[in-house]
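# Remarks on the overall topology
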Amino acid sequence: MVNVGILGYGTVGSGVVEVIATNQESINKKAGKEVHIKYVLDIKDFPGDPIQEKIVHDVNIILDDPEINVVVEVMGGVEPAYTFVKKALLSGKSVVTSNKALVAKHGAELLEIARDNKLNFLFEASVGGGIPIIRPMNQSLTADEIKEISGILNGTTNYILTKMDKEGLVFDEVLKDAQEKGYAERNPEADIEGYDACRKIAILSSLAFGFQVDFEDIHTEGITEISAMDFRYAEKLNRSIKLLGLSRKTEQNKIYAIVAPFMISPEHALYPVSGVINGIHLVGNMVGDVTFIGAGAGKLPTASAVVTDIIDCAKHLGTSIMTFWSREKLELSDYTAAEYKFYIRIQGDKNKRLPEFEAALGNLQVVELDGVTDEFAVVTDVMVEGRLDEALDKADGVLGKIRML
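The rules we used
- Residues numbered from 1 in each chain as written.
- Predicted model: local features only at pLDDT ≥ 70, side-chain atom pairs only at ≥ 80, totals over all residues.
- Heavy atoms only, no water.
- Axes fitted to C-alpha atoms, helices over the stretch in contact; angles between N-to-C directions.
- Helix = DSSP H or I, 4+ residues; strand = E, 2+ residues; numbered from the N terminus.
- Left-handed = near helix turned anticlockwise from the far one by under 90°.
- Contact = heavy atoms within 4.5 Å.
- Nonpolar A, V, L, I, M, F, W, Y, C, P; charged D, E, K, R; others polar.
- Pairing = 2+ DSSP bridges.
- Buried < 20%, exposed > 50% of the residue type's maximum accessible area, 1.4 Å probe, protein only.
- Polar contact = N/O pair within 3.5 Å; in protein donor to acceptor, adjacent residues only side chain to side chain.

The N-to-C vectors of helix H14 (residues 350-361) and helix H15 (residues 385-393) enclose an angle of 145°; their axes lie 10 Å apart at closest approach. Seen along the crossing, H14 lies across H15 with a hand that is right-handed. Across from Phe-357, Ala-360 and Leu-361 in H14, the residues of H15 making contact are Arg-387, Leu-388, Ala-391 and Leu-392. Its residues assigned to classes, the contact of H14 with H15 shows six nonpolar, no polar and one charged.

The following block contains the structure:
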């Protein structure tokens, strides 16, 4: 028997209990032994819920119990989760978590502790929710060197951008709709400002390149400045706007990472990913392009990924299976040295304004909208972002820019 202690009985924690109860027989077969939930930690009681008989309010009951093999951390936040998880590993218990903030901040250290103690620290659900991505990177793609990762890593922002794209709605209107439907929090800052996606691309980049990528070092932009007009221009260009987490290793071994809105073409693997669905696209030097699409959040999809990690822990008691991720920090290259094509929206009469932008930026594709005479847009050739910014700093009436893939 494998005894499990769950830290937190919120959305994901209750989902883990439900998944194990519903699929107990098949889970036991796959684990090779019975998976048994012994304790659930929460500050509250749940009268009338069968889980009440397993509820404890003191984490040390779980951490000090020698019968507990696996601790599941689904509390969220860095503290006290970090303190609890570290103590669990030092107490000889493997840990499974869905906590992206914890993994992004302390993942390398916790993996090292797990390896030193022949335990596992698994976090499949921390990046893609129900989408398997950590395990494929750790097991199926280890023969490859990952050259690029691009991901729609936040369902809230993807839902908002999809509604703006398909229905011509403005940002504030769609955000309110997303909150009413439960897709966005009352305080949506972590989603709409890109912070959630930033932590996820930091984790994926650390795994891909083998060194610690600090999320604080990743240039991050949200979606609050994207307008309905931007989508009209995108439609004219046969493109869609997505908030992407992107990391890329160049032939010169420079590594760039960024979270920002991108205009992507129909040829891009993530172009059709819409609504609350997430997608992650990897480019390996041997396998080429691989794409994972599915539910990036939600109670049962996320809980399913957590339970899969529990099964892996049960199958590998006494053996550490997780990939190499050094605590040594990876220094990212300055994001302004990366090269893209750019969409630039410009205020004013095209005939008067275009020559100054052509003089500064070279060859430009002009985009005009029917019935709009007081602004226009241009698309640059591939160029270094820093050079573009220098030129735009000297120009008046620039309404916005979006990178293009």
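Glancing now at the sheet that holds strand S4 (residues 68-73). Taking strand neighbours across the sheet as the criterion, the six strands line up as S3-S2-S1-S4-S5-S6 in an open arrangement whose pairing is parallel. Pairing within the sheet leaves two strands with one partner each, and these edge strands are strand S3 (55-56) and strand S6 (121-122). Inspection of the sheet shows strand S1 (residues 2-7) paired to strand S2 (residues 35-41) by six bridges, in the parallel sense. Residue pairing for S2: Val-4 is matched across the bridge by Ile-37. Against the sheet, helix H4 (residues 81-90) engages S1, S2, S4, strand S5 (94-97) and S6, with an angle of about 150° to S5.

The next point concerns the environment of Lys-401. Tracing the backbone shows Lys-401 in strand S17 (residues 398-404). With a relative accessible area of 26%, Lys-401 lands in the partly exposed category. In this structure the C-alpha to C-alpha distance between Lys-401 and Val-307, which are 94 residues apart in sequence, comes to 42 Å. Excluding residues within four positions of it along the chain, Lys-401 makes contact with Phe-342, Tyr-343, Ile-344, Glu-385, Leu-388, Asp-389 and Leu-392. One polar contact links Lys-401 to Glu-385, side chain to side chain, over a distance of 2.8 Å. A polar side-chain atom of Lys-401 sits 2.6 Å from a polar atom in the side chain of Asp-389.

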